[in-house]
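Now for the letters of each chain:
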Amino acid sequence: MTPSRFTDHRDIAEQEAGAATADVCRKHGISSATFNKWKAKYGGLEVSEGKRLRPLEDENGRLKRMLADAMLDNAALKDLLGKKW
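Remember, predicted model here, so these are calculated numbers, not experimental data. (Residues numbered from 1 in each chain as written. Predicted model: local features only at pLDDT ≥ 70, side-chain atom pairs only at ≥ 80, totals over all residues. Heavy atoms only, no water.)

Draft legend 1. Just the nonpolar core, in detail. Within the largest apolar cluster, six residues are counted, these being Val24, Cys25, Ile30, Phe35, Trp38 and Tyr42. Contributing elements (two or more residues each) for this core: α2 (21-28) and α3 (32-42). It is α3 that contributes the most residues to this core, three residues altogether. (Core = buried A, V, L, I, M, F, W, Y, C linked by side-chain atoms within 4.5 Å. Buried < 20%, exposed > 50% of the residue type's maximum accessible area, 1.4 Å probe, protein only. Helix = DSSP H or I, 4+ residues; strand = E, 2+ residues; numbered from the N terminus.)

Draft legend 2. The arrangement of α3 in detail. Of the positions making up α3, those classed as buried are Phe35, Trp38 and Tyr42. Along the axis of α3, the buried residues cluster in a sector spanning 65°; they form a single face. Exposed side of α3, more than 90 degrees from the buried face: Ala33, Lys37 and Ala40 are the residues found there. (Arc of directions from axis to C-beta.)

Draft legend 3. Looking closely at the pattern of salt bridges. Taken as a whole and assessed by the stated rule, the structure comprises two salt bridges. In this structure, the salt-bridge partner of Arg26 is Asp23, at a minimum N-O distance of 3.1 Å. In this pair, Arg26 and Asp23 are both assigned in helix α2, three residues apart and thus about one turn of the helix distant. We classify Arg26 as exposed; its relative accessible area is 61%. Judged by its relative accessible area of 42%, Asp23 is partly exposed. Ionic pairing is found between Arg62 and Glu59, a salt bridge with its closest N-O pair at 4.0 Å. (Salt bridge = Lys/Arg side-chain N within 4 Å of Asp/Glu carboxyl O.)

Pasting the structure below:
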């Protein structure tokens, strides 16, 4: 996955500091829907918490893929061993 060129949590902090939402969206080249989605996700977080959250989400996704692969292997082995020879 390519890294985002936007800084989600910093954009929200800029808007919370008093800038108009439309101006922040225009400055960073994002839509207001994207901004609102980010605000729902990162709204109450500090910048340091937002930086810490992204690597944790990436690791969580990697672990979920590993679990899905292991479950698939397990199901294939059960099917293979369950057949009568």
